[in-house]
Amino acid sequence: MYRTHTCGELTKKQAGEEVMLSGWVHKHRKMGGLVFVDLRDRFGITQIVFNPDKTSNFALVEELKYEYVIKVTGEVLKRDSKAVNQDLATGEIEVLVNNLEIISRAKTLPFEIFDAHKEIEDEDLRLKYRYLELRRTKLKNNILFRAKMVKYIRDYMDNRGFLDIATPILTVSSPEGARDFLVPSRLHPGKFYALPQAPQQYKQLLMVAGFDKYYQIAPCMRDEDPRADRSPGEFYQLDCETSFLTPDEFFELMEPLFIGLTEELTGKKVWQKPFPRIPYREILETYGSDRPDLRFALPMTDVSTWAKASDFKVFKEAEFVRCLYVPGGNAFTRKEIDEEFTDKAKRAKAKGLAWLKYENGKFEGSISKFFSEEQLNELKEIVKVKDNGILFFVADKWQVSCMALGAVRDLVGDKLNLKDPNLVAWAWVIDFPMYEWSELENKVDFGHNPFSMPQGGMEALKTKDPLDILAYQYDIIANGLELSSGAVRNMDTEIMYEAFKIAGYDKSVVDKKFGHMINAFEFGAPPHCGFAPGIERLVMLLLGEKNIRSVVPFPKNQRAEEPMVGSPGEVDDMQLKELNIKIRE
């Protein structure tokens, strides 16, 4: 036996009891003839005391070092009121040890686990010894929270009649937006499996099979470049699909899950209930993003008509001109405007960022000379300027004018501390465009999921400009993060053929890639819809973490490598020969 209690549960109620504890030596210090050790496990810390008159093998205490794993037996003692440690759940007691056993010794650590300056440590070193870094309190608590969150999700889904069904990991390559990880087949030379980017097709086929409420915590693998909110290679998602529900009914079914995760697991507040449902075009034109942070207002205004009547050439010749009025922004310095805000706009493909400051009833700035006093007063009315502030402008094509000024808006939220860390602003973004123009391929292509149902069905596909067709697609967003895309699925084969035809895929290509889907839909397919919120992004959102590696137990580095186990790694010639693969020099 190793323990009767954990290191986080003893209180004065157990005073006088004989207990057994096991854990890591967190700290140890000598005081007089006594040795005090903070013993740690994942539940907490308990102070244990070694007294040479009470500990049978006290000589062994001298061998104890940082991070040794030990087992002790002893008596729970109530601390003197002056010695109570209010920072510990076990701070009212200590354990007087009568016997010590060293279970496992620890080598000199490659870096300090506690009381360390993480920013000066090499990231690859920390990832190589990730099991040590996971002992750190904050990181450990993040992983514990993740486990708690996943259990909450499973309980919610199970209690509402959803079925947890596993789908294949070895599947077929398909165009779902990112590069596939391919697995060569030994039994079928020249053919490859693909690791699933998402169980998209399988969950739709489960709807055809009659399993009307499906979910799983699904592993997804995509050969994508890493970034702060995206783990390279793999991630997990709450994959979910339902039959015989409209989008509104689906939203109503799932919203309480996110409310519960927010309020019950973190104690944070939900901005608005029910969650607002904002059309894609409206949210871009108002906030400059399809996943804006709605914890603060700061809407943008279309001032194109006003701008084109001015003498400012940049405005007159632009397709769209948008304005962001920031009360209090007049305090921004010229250096901040040029080096931070303008840089943000340019990174979002804007040619530049114009601005006017409004102070004490007057507009000031380098572009003010291009406008008459009457025009400036008209601008003041259009944008509803009341207090001292700054007006930022972007003049460009529709999307750039939205996205660039949206990037500026997001930076304003950071610099003015407008993002309340105790508030989660959930929202649904609806009415996404079915198609978009691909500059790379110089053709119309799917905007999001090719299996989405177009609004207006076949008539819309036959009669509308493809770029004007909306889809029954939706996202759920919060605090500047997109948690998931979802859609009402296209289960009408004729509509599917026509939808793919518009995107440049003829019937033979569709049949080759998705013949199994087409065949299934011809045997009685129910209307169905779903989504798949990312587990890692949910944890990031709820904990306020900025980097995905802080919520993943064993993440990869920025080069998509895992230094701890050495992946990706080389394989020997025999393995390659079995797979009919030859490495080209």
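Calculation rules
- Residues numbered from 1 in each chain as written.
- Predicted model: local features only at pLDDT ≥ 70, side-chain atom pairs only at ≥ 80, totals over all residues.
- Heavy atoms only, no water.
- UniProt positions renumbered as here; feature names shortened; annotations may be inferred.
- Helix = DSSP H or I, 4+ residues; strand = E, 2+ residues; numbered from the N terminus.
- Buried < 20%, exposed > 50% of the residue type's maximum accessible area, 1.4 Å probe, protein only.
- Contact = heavy atoms within 4.5 Å.
- Areas by Shrake-Rupley, 256 points an atom, 1.4 Å probe, with all protein chains shown as cover.
- Axes fitted to C-alpha atoms, helices over the stretch in contact; angles between N-to-C directions.
- Left-handed = near helix turned anticlockwise from the far one by under 90°.
- Nonpolar A, V, L, I, M, F, W, Y, C, P; charged D, E, K, R; others polar.
- Pairing = 2+ DSSP bridges.
- Phe/Tyr/Trp six-rings, centres within 6.5 Å; stacked < 30°, edge-to-face > 60°.
- Lys NZ or Arg CZ within 6 Å of the ring centre and 35° of its normal.
- Expected span 1.5 Å × (residues − 1).
- Bend = angle between axes of the 7 residues up to and from the residue.
- Polar contact = N/O pair within 3.5 Å; in protein donor to acceptor, adjacent residues only side chain to side chain.
- Parallel < 35°, antiparallel > 145°, perpendicular 65-115°, else oblique.

As recorded in an unreviewed UniProt entry, the protein goes by the name Aspartate--tRNA ligase, listed as coming from Candidatus Magasanikbacteria bacterium GW2011_GWC2_37_14. Among the UniProt annotations of the protein, the heading Catalytic activity (unreviewed entry) holds the following wording: "tRNA(Asp) + L-aspartate + ATP = L-aspartyl-tRNA(Asp) + AMP + diphosphate". The UniProt entry for the protein carries the following text under Subcellular location (unreviewed entry): "Cytoplasm".

Novice: In this structure, what is going on with the overall build of the protein? I would like to understand it.
Specialist: When helices and strands are tallied, the protein shows 16 helices and 24 strands. In the protein, which comprises 585 residues, the share counted as buried stands at 49%. Taking as baseline every contact in the protein between residues at least 6 positions apart, the subset at least 24 positions apart corresponds to 67%. For the protein, the accessible area works out to roughly 29700 Å², and carbon and sulfur atoms hold 51% of it.

Novice: Teacher, can you tell me more about the packing of helix H3 (residues 137-159) against helix H5 (residues 247-266) here?
Specialist: The description of two helices packed together rests on the angle between their axes and the distance between the axes. Two elements in contact, H3 and H5, have axes whose closest approach is 11 Å; the angle formed by their N-to-C orientations is 145°. The crossing of H3 and H5 is right-handed. Facing Phe145, Lys148, Met149, Tyr152, Ile153, Tyr156 and Met157 of H3, the residues of H5 in contact are Leu253, Met254, Pro256, Leu257, Gly260, Leu261, Glu264, Leu265 and Thr266. Each residue belonging to the contact of H3 with H5 can be placed in one class, and the counts come to twelve nonpolar, two polar and two charged.

Novice: Sorry, what's going on with the sheet that holds strand E4 (residues 69-78) here?
Specialist: Sheet strands line up and pair through hydrogen bonds in the backbone, either parallel or antiparallel. Spatial strand order, E1-E2-E3-E5-E4: five strands in a closed barrel with mixed pairing. The sheet shows a mean angle of 55° between the axes of neighbouring strands, direction not considered. Pairing of strand E1 (residues 18-31) with strand E2 (residues 34-41) involves seven bridges; the strand directions are antiparallel. When the sheet's bridge partners are listed, Lys27 is paired in E2 with Asp38.

Novice: Looking at this structure, how should I read the packing of aromatic side chains?
Specialist: The relative placement of two aromatic rings is captured by the distance of their centres and the angle of their planes. Across all of its chains, the model carries 28 aromatic pairs by this definition. Plain terms: the ring middles of Phe258 and Phe531 are 6.1 Å apart, the flat faces sit at 85° to each other, and that makes the pair edge-to-face. One end of the pair, Phe258, is in helix H5; the other, Phe531, is in strand E24 (residues 528-531), and 273 residues separate them in sequence. With respect to burial, Phe258 and Phe531 carry one shared label: buried. Plain terms: the ring middles of Phe500 and Phe514 are 5.3 Å apart, the flat faces sit at 45° to each other, and that makes the pair tilted. Here Phe514 lies in helix H14 (residues 507-521) and Phe500 lies in helix H13 (residues 493-502), a separation of 14 residues in the sequence. Exposure class is identical for Phe500 and Phe514. Each is buried. Clustering of aromatic rings is evident, with ring pairs tying together Phe250, Phe251, Phe258, Phe275, Trp426, Trp428, Tyr474 and Phe531. Sitting over the face of the ring of Tyr156, Arg160 holds its NZ or CZ atom 3.5 Å from the ring centroid.

Novice: Just checking my understanding: could you explain the UniProt feature "binding site: ATP" (unreviewed entry) in the protein for this structure?
Specialist: The positions UniProt marks with the feature "binding site: ATP" (unreviewed entry) are Arg222, Asp223, Glu224, Glu482, Gly534, Ile535, Glu536 and Arg537. Its relative accessible area of 29% is what places Asp223 among the partly exposed residues. Setting aside chain neighbours within four positions, we find Asp223 in contact with Arg179, Asp180 and Phe181. Position of Glu536 among the secondary structure elements: in helix H15 (residues 535-543). Taking relative accessible area as the criterion, Glu536 reaches 4% and is therefore assigned buried.

Novice: Is there a simple way to think about the side chain of Thr46 in this case?
Specialist: Structurally, Thr46 is set in strand E3 (residues 44-50). Once you skip the residues sitting within four places of it in the chain, Thr46 turns out to touch Cys7, Gly8, Leu21, Val37, Asp38, Leu39, Thr90, Ile93 and Val95.

Novice: Looking at this structure, I do not really get the sheet that holds strand E14 (residues 320-327). What am I missing?
Specialist: An order of E13-E14-E17-E15-E16 is seen for the five strands of this open sheet, with the pairing classed as antiparallel. On the outer flanks of this sheet lie strand E13 (300-302) and strand E16 (362-364), each paired with one strand and no other. Across this sheet, the average inter-strand angle for adjacent strands is 25°, counted without regard to direction.

Novice: Help me out: how do you make sense of H3 in this one?
Specialist: Spacing of three or four residues puts side chains on the same side of an α-helix, whose turn is 3.6 residues. With 23 residues, H3 should cover 33 Å at 1.5 Å per step; its first-to-last C-alpha distance of 33 Å lies within 8% of that length. Every buried residue of H3 is listed here: Leu139, Lys140, Asn142, Phe145, Arg146, Met149, Val150, Tyr152, Ile153, Tyr156 and Met157. Residues of H3 that are buried in the fold lie against E2, helix H2 (130-133), strand E9 (213-222), strand E10 (233-243), H5 and H15. Of the residues flanking the end of H3, it is Gly161, one or two places downstream, whose phi is positive at about 85°.

Novice: Any chance you could explain the pairing of strand E15 (residues 354-359) here in plain terms?
Specialist: It is a general feature of regular strands that their side chains alternate between the two faces of the sheet. Within E15, five of the six residues are buried, which leaves it mostly tucked inside the rest of the structure. Inspection of the sheet shows E15 paired to strand E17 (residues 389-396) by five bridges, in the antiparallel sense. Bridge assignment links Leu356 to a residue of E17, and that residue is Leu391. Counted between consecutive antiparallel strands, the loop separating E15 from E16 contains two residues, among which Asn360 sits at a positive phi close to 50°.

Novice: Can you walk me through H5 in this structure?
Specialist: The end-to-end C-alpha distance of H5, which contains 20 residues, comes to 28 Å, matching closely the 28 Å that a straight helix rising 1.5 Å per residue would cover. At Met254, H5 shows its largest kink, close to 30°, and the proline Pro256 lies no more than four residues downstream.

Novice: What am I meant to see in the side chain of Thr55 here?
Specialist: Position of Thr55 among the secondary structure elements: in the loop between E3 and E4. Within the structure, the side chain of Thr55 is placed 2.8 Å from the backbone oxygen of Val97, a separation counted as a polar contact.

Novice: I keep staring at unusual backbone geometry and nothing clicks. Help me out?
Specialist: A negative phi angle characterises most non-glycine residues, just as the trans form characterises most peptide bonds. With an omega dihedral of -10°, the bond running from Lys273 to Pro274 counts as a cis peptide bond. Cis geometry is adopted by the peptide bond preceding Pro568, which originates at Ser567 and carries an omega value of -5°. Looking at the element boundaries, Pro568 is found in the loop between H15 and helix H16 (573-578). Phi at Asn479 takes a positive value of approximately 50°, unusual for a residue other than glycine. Examined against the element boundaries, Asn479 turns out to sit in the loop between strand E22 (473-478) and strand E23 (481-488).

Novice: I tried to follow the packing of helix H9 (residues 334-347) against helix H11 (residues 398-415) on my own but got confused; where do I start?
Specialist: The N-to-C vectors of H9 and H11 enclose an angle of 135°; their axes lie 7 Å apart at closest approach. Considered as vectors, H9 and H11 are oriented oblique to each other. Contacts between H9 and H11 pair Glu336, Glu340, Phe341, Lys344 and Ala345 from the former with Ala404, Ala407, Val408, Leu411, Val412 and Lys415 from the latter.

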